Amino acid sequence: MSTLENPQVQVSEKDMANAIRALSMDAVQKANSGHPGLPMGMADVATVLFTKILKFDASDPNWADRDRFILSGGHGSMLLYSLLHLLGYEDMTLEQIENFRQLGAITAGHPEYGHASGVETTTGPLGQGFANSVGFALAERIMNARFGDDLVDHFTYVFCGDGDLMEGISQEALTLAGHLKLSKLIVLFDDNDISIDGSISLTDSTDQLARFQASGWDVARVDGHDPHAVEAAILAAQKTGTPSLIACKTIIGYGAPTKQGTASTHGSPLGEDEIAGARQKLGWPYAPFEVPEEILTAWRAAGARGGEARQAWEARLGASSEQAEFIRRMAGDLPGGLDSAIVAYKQKLIADQPKVATRKASEMALDVINSVISETIGGSADLTGSNNTRSKDMEVLDAHHYAGRFLHYGIREHGMAAAMNGLALHGGIIPYSGTFLVFTDYCRPSIRLSALMGLRVIYVMTHDSIGLGEDGPTHQPVEHLAALRAMPNVNVFRPADVVETAECWQAALEDPKTPSVIALTRQNVPCVRTDSGTINRSQEGAYELASASGEAKVTLFASGSEVEIALAARQTLEGEGVATRVVSVPSFEKFAARTKAEQKSVIGAAPVRIAIEAGVEQGWSKFLGEDGVFIGMSSFGASAPLADLYNHFGITAEAVVAAAKEQLS
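Heads up: these notes are all about the structure in this document. Every chain is numbered independently, its residues counted from 1 as its sequence is written. Only residues with pLDDT of at least 70 are given local features in this predicted model, and only at 80 or more are side-chain atom pairs given and counted; all residues enter the totals for whole chains, interfaces and linings. Hydrogen atoms and water are omitted, and side-chain values are computed over all heavy atoms in the structure.

1. As for the state of the cysteines
As a reminder of what qualifies: Cysteine sulfur pairs qualify as disulfides if the two atoms are within 2.5 Å. Exposure categories follow from relative accessible area, calculated using a 1.4 Å probe and restricted to protein chains: below 20% of the type maximum is buried, above 50% is exposed, and the middle band is partly exposed.
Taken as a whole, this structure holds 0 disulfides when the rule is applied. Cys443 forms no disulfide, and the closest cysteine sulfur to it belongs to Cys504, at a distance of 19 Å. For Cys443, a relative accessible area of 0% translates into the label buried.

2. Quick look at helix H15 (residues 358-372)
Since the α-helix advances by 3.6 residues per turn, residues separated by three or four positions end up pointing in the same direction. The criterion, for reference: Strands are runs of DSSP state E lasting at least 2 residues, helices are runs of H or I lasting at least 4, and numbering of each runs from the N terminus. Helix span is expected to be 1.5 Å times the residue number reduced by one.
Here H15 spans 21 Å end to end across 15 residues, near enough to the 21 Å set by a 1.5 Å rise per residue. Burial analysis of H15 places 11 of its 15 residues in the buried class, which makes it a mostly covered element.

3. A closer look at the packing of helix H2 (residues 37-53) against helix H3 (residues 77-87)
Helix-helix packing is characterised by the crossing angle of the two axes and by the distance between the axes. Put simply, the rule reads: Comment: axis = line fitted to C-alpha atoms, over the contacting stretch for helices; angle = value between 0 and 180 degrees taken between N-to-C directions. For classification purposes, angles smaller than 35 degrees are called roughly parallel, those larger than 145 roughly antiparallel, those between 65 and 115 roughly perpendicular, and all remaining angles oblique. Crossing handedness is defined as follows: a turn of the near helix away from the far one that is anticlockwise and smaller than a right angle gives a left-handed crossing, while the clockwise case is right-handed. In what follows, a contact means two residues having at least one pair of non-hydrogen atoms within 4.5 Å.
Contact pair H2 / H3: the axes reach a minimum separation of 10 Å and the direction vectors enclose 40°. In terms of orientation, H2 and H3 fall into the oblique class. In the crossing of H2 with H3, the sense of the turn from one axis to the other is right-handed. Mapping the contact onto sequence places Leu38, Pro39, Met42, Ala43, Ala46 and Phe50 in H2 and Met78, Leu79, Leu83 and Leu87 in H3.

4. Examining unusual backbone geometry
Backbone geometry places Arg101, a non-glycine residue, at a positive phi of 65°. On the secondary structure map, Arg101 appears in the loop between helix H4 (94-98) and helix H5 (128-147). For Gln353, which is not glycine, the phi dihedral falls at a positive 55°. Locating Gln353 in the fold gives a position in the loop between helix H14 (338-352) and strand E10 (356-357).

5. Points about the environment of Ala361
Mapped onto the secondary structure, Ala361 falls in helix H15. Look at Ala361 and you get buried, because its relative accessible area is 0%. Distance in space between the C-alpha atoms of Ala361 and Thr501 is 6.3 Å, their sequence separation being 140 residues. Look past the residues within four positions of Ala361 in its chain and what remains in contact with it is Tyr345, Val356, Val498 and Thr501.

6. A word on the sheet that holds strand E14 (residues 458-462)
For the record, the criterion: Should DSSP find at least two bridges between two strands, the strands are regarded as paired.
One open sheet holds the 6 strands; their spatial order is E12-E11-E13-E14-E16-E15, and the pairing between them is parallel. Strands with a single pairing partner mark the edges of an open sheet, and in this sheet they are strand E12 (406-408) and strand E15 (491-493). The mean inter-strand angle of the sheet, taken between neighbouring strand axes irrespective of direction, is 20°. Across 3 bridges, strand E11 (residues 376-380) lies against E12 in parallel orientation.

7. A look at the environment of Gly104
On the secondary structure map, Gly104 appears in the loop between H4 and H5. Considered as a pair, Gly104 and Glu140 are 36 residues apart in the sequence and their alpha carbons are 33 Å apart.

The structure is reproduced here in structure tokens:
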């Protein structure tokens, strides 16, 4: 077996791998919770990758040109935590290892982005990390096309397992990666033939190498416990013109004397007797959480070996004319000029009063935004002409042109959303893409992770209600706005017209720690704003759009296309002597962020409150109180022209007027 040298002694790769195994099984045992099997099985592969291959510097975890490592099987988190501690990441102390899965520790049950240095993405829901990696690898190519090899030239490495590859998202991700020829993406497959229920043969017969090869990947199979074979395979994969899958044949729970190779090592502590036996079998006679000085020294040397490369990169950055722009983009700071461009654009809209669908209004806003912000990368899940996400002069991004800014994701909504998370996590890019609002159901796990990680990812979701018409209830979102609003740390915007659409885009872009869903109409809506356009009213979440002629007796709250209905109802009521105001509500979340006094002022004191939205009622109680009336949907939609649908479901100005009169009486 080869050795890794330090000035005093020679330390074998086996000893270094066993340090991972020992820390992992000890931490899981102490927590009485966790998954020792993956860390023990993949320890040899991890040792090769981190000591021989990976470009990084433990003293500077955020080095922009580091290789990225993603542990897609997040249940095996102790593999990553053990590595980070051994390599010398400052925040990953032995105390953190000993407090695995405990409240307040950075060693969460599954790796959480932002909690610990060296954790590139939050993983745990299987397939997500694998799909994120497509975004990471694509971001590297995009940034390389913009800034060149001197500043951007790194690989993305992934550990994944059978569970990741069984999840449907893996098919979307692997085919997209193959299509885009992401040659700097290398996936190391923990091919151990075990899942929770037992042997993989119970549930799956897929030839994974053939599957990947069919989608344009380079594939190889190695003994995952042979360091020489693993290293050779990775070095070979670096030279292909395609993404690479290396199936590493491993034994889950390697070293556990009676449990290795079985499902019992997957998700439960090994037990004191089994750990004692593992120590003997592995030749590891040390106390729990003890790593001999010479082994720790060898690991720390591995953690520092990238320092020289990092310093050389910093010198290149310092000499580059692109230094300021590169730093700005990687920091996530917006360029100057956005606010002035949006204000000027809004003022023109208010003067012209165009009547367009808000999906078209979004495209118009993007023409302005994408001319100011160079790091936006747009896309669509095969609905470009419907989502209107490709602004003018946007070139297509593909395997032959990574400098493009518009990506055709194909019918891969879930993979698209996960890839956007990877694009955002890599840095230097603000991703947005579109599909129909009803298909947020296909994206939801990835949207949830956007929110959990606090990422600026913008989901452009068109055809936002029964207003899409004849396509019927399969495509008409009814519960979706409420479901998305229920998710923590997601901005859900539903603009009423061209002006609000521009404002919602600005608000989404200016929030670096929150993903946004912008829900947009298929049908045309009038321009309802007549103010000066200098203030972003949508950023307020809710605001008085039309005041009452006197002391308000009725307040009408509405979002999106139903604001037009509220204004028509107000006109009728005012004509009949009923003082009525209209409050536009483009974002519940932005409204909730305001002070209680501000919220109270917007809601007002009118005795009658009515909310109008072509969706379900959940969430509107904050505006309606106990006695308010909701006019919207309480069932699925139907297939018919939109005007017929609004009449059929009673979402009309006449229905609002009747409800107001009934309440007043």
